[in-house]
Amino acid sequence: MLPFKLVYHDRYDLRLGEHVFPSQKFRLIRDALILQNIAEPIDILVPHPATDADVLLVHTPQWVNKLQHNRLTLSERMLLEIPYSKDVVEAFWVAAGGSILAGRCALQDGFGVNLGGGFHHAFPGRGEGFCMIHDVAIAIRRLQADGLIHRAMVVDTDVHQGNGTAAIFADDSDVFTFSIHQENNYPMPKPPSDVDINIEDAAEDDEYLDALRKGLEGVLARFHPDLIFYVGGADPYREDQLGGLWLTMSGLLKRDQLVFEEARRRDVPVAVTLAGGYARRVADTVQIHVNTVLAARAIAGRRIN
Ligand SMILES: [Zn+2]
């Protein structure tokens, strides 16, 4: 049994067929966690979809209306880069509900892991890059509105910059946005996060981990969040099809450990979301995300000085 909850719903799979975004990964990760005896079914909570009121804490009524009634323009559809369907829209509402639940679990147990979410390219009035709505921003706004947190930090290690996150919280001094990503990659341009760490093409483990450690120590010394949302993309991996960094699988595990240790040292709970991952072999993407759960398990309950 895990010392924290996992959050998963069968609806996370967008069933995109032959698409570079392997959304079946969510189910494969869940299955791998059970098969590898890391988790038991009792560790896994099934989320309710976010309510429209939740989604409207971040998104414009116009965008919600367009998504729910199939009124996207052609250019809005093309920006999403995933096919539109009612089922896909509902899957995003479920993923947002999952991130809200993972946030609540993290506040109780120190960690909470949504085996989905991390849709950091959605903006209040539009979506892009496989992201219709921003589950992490919705979760932060919901938890704030419920009085459960005041200040939050988003730590985003997906290989792509968290442009939606940066834009949504640009003028909000209660939410600190931190993104470490490949500079020479989508999105272009990159709206500024509170701290952006731009990594050069083909950077390897040591260079990346050094930059991450210095960056995180710096921001956590000056901002004290009630909760960290970790957007732990698997796509800085050297065999990723949409990334140009050269991290190894063990480098990515060290990345997760580093983030969790820095949070734990300061007694800041962490809610995990998965975000991207487009390795040539889907099994690699799955294992990278499974390793994130293992990193959380190793650090949960441990005292770090
Ligand atoms: Zn990504």
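Provided above is the structure to which this section pertains.
The present account deals with the structure reproduced in this document. Please read these numbers as outputs of a predicted model, since none were measured by experiment. (Residues numbered from 1 in each chain as written. Predicted model: local features only at pLDDT ≥ 70, side-chain atom pairs only at ≥ 80, totals over all residues. Heavy atoms only, no water.)

## A look at the coordination of the zinc ion
Here comes step 1: Surrounding the zinc ion are the protein donor atoms Asp-158 (OD), Asp-158 (OD), His-160 (ND1) and Asp-235 (OD), at 1.9 to 2.8 Å.
Here comes step 2: Note that the zinc ion binds four donor atoms; their angles at the metal cover 52 to 152°, and the shape is irregular.
Here comes step 3: Spacing between the donor residues of the zinc ion along the chain follows D-x1-H-x74-D. Of this pair, Asp-158 sits in the loop between β4 (152–156) and α7 (163–168) while Asp-235 sits in the loop between β7 (227–231) and α9 (249–265), and the two are 77 residues apart along the sequence.
Here comes step 4: The class for Asp-235 is buried, based on a relative accessible area of 0%. (Donors = N, O, S within 2.8 Å, 3.2 Å for Na, K, Ca; no water. Tetrahedral: all angles 85-135°; square planar, octahedral: opposite > 155°, others 65-115°. Helix = DSSP H or I, 4+ residues; strand = E, 2+ residues; numbered from the N terminus. Buried < 20%, exposed > 50% of the residue type's maximum accessible area, 1.4 Å probe, protein only.)

## Examining helix α8 (residues 205–222)
Here comes step 1: Given a rise of 1.5 Å per residue, 18 residues ought to cover 26 Å, and the 26 Å separating the end C-alpha atoms of α8 matches this to within 8%.
Here comes step 2: Packing partners of the buried residues in α8 comprise β4, β5 (175–182), β6 (195–199), β7 and α9. (Expected span 1.5 Å × (residues − 1). Contact = heavy atoms within 4.5 Å.)

## A closer look at the pattern of salt bridges
Here comes step 1: One pass over the structure, following the stated rule, counts 15 salt bridges.
Here comes step 2: Here Glu-90 makes a salt bridge to Arg-11, at a shortest N to O gap of 3.2 Å. Placement of Glu-90 in helix α5 (residues 86–109) and of Arg-11 in the loop between β1 (5–7) and α1 (25–35) is noted, with a sequence separation of 79 residues between them.
Here comes step 3: Classification of Glu-90 by relative accessible area gives partly exposed; the value is 34%.
Here comes step 4: The class of Arg-11 is partly exposed, set by a relative accessible area of 24%.
Here comes step 5: The partner of Asp-31 in a salt bridge is Arg-30, with the nearest N and O atoms 3.2 Å apart.
Here comes step 6: On the accessibility criterion, Asp-31 (27% relative accessible area) is partly exposed. (Salt bridge = Lys/Arg side-chain N within 4 Å of Asp/Glu carboxyl O.)

## Looking at the packing of aromatic side chains
Here comes step 1: The tally for this structure, following the rule as stated, stands at eleven aromatic pairs.
Here comes step 2: With a centroid separation of 6.0 Å and an interplanar angle of 80°, the aromatic rings of Tyr-12 and Phe-26 are classed as edge-to-face. Of this pair, Tyr-12 sits in the loop between β1 and α1 while Phe-26 sits in helix α1, and the two are 14 residues apart along the sequence. The pair Tyr-12 / Phe-26 is uniform in exposure class, with both members buried. (Phe/Tyr/Trp six-rings, centres within 6.5 Å; stacked < 30°, edge-to-face > 60°.)

## A closer look at the environment of Leu-209
Here comes step 1: Tracing the sequence through the fold places Leu-209 in helix α8.
Here comes step 2: By relative accessible area, Leu-209 is classed as buried at 8%.
Here comes step 3: When the C-alpha positions of Leu-209 and Leu-258 are compared, they lie 8.2 Å apart, and in sequence the two are 49 residues distant.
Here comes step 4: With residues up to four places along the chain from it excluded, the contact list for Leu-209 reads Gly-251, Lys-254, Arg-255 and Leu-258.

## A short note on the nonpolar core
Here comes step 1: Counting 106 residues, the largest nonpolar core has Leu-6, Phe-178 and Phe-260 as the members making the most contacts within it.
Here comes step 2: The greatest single-element share of this core, amounting to eleven residues, is contributed by α5.
Here comes step 3: In this view, Phe-260 contacts Phe-111, Tyr-230, Val-270, Val-272, Thr-292, Ala-295, Ala-296 and Ile-299; residues no more than four positions away in its chain are not counted. (Core = buried A, V, L, I, M, F, W, Y, C linked by side-chain atoms within 4.5 Å.)

## Considering the packing of α1 against helix α10 (residues 282–299)
Here comes step 1: Interaxial distance between α1 and α10 falls to 9 Å at its minimum, and their mutual angle equals 55°. If you check the angle between α1 and α10, you find them oblique. You can see that α1 and α10 cross each other, and the crossing is right-handed. The segment α1 lies against α10, with Lys-25, Leu-28, Ile-29, Ala-32 and Leu-33 engaging Val-282, Thr-285, Val-286, His-289, Val-290 and Val-293. (Axes fitted to C-alpha atoms, helices over the stretch in contact; angles between N-to-C directions. Parallel < 35°, antiparallel > 145°, perpendicular 65-115°, else oblique. Left-handed = near helix turned anticlockwise from the far one by under 90°.)

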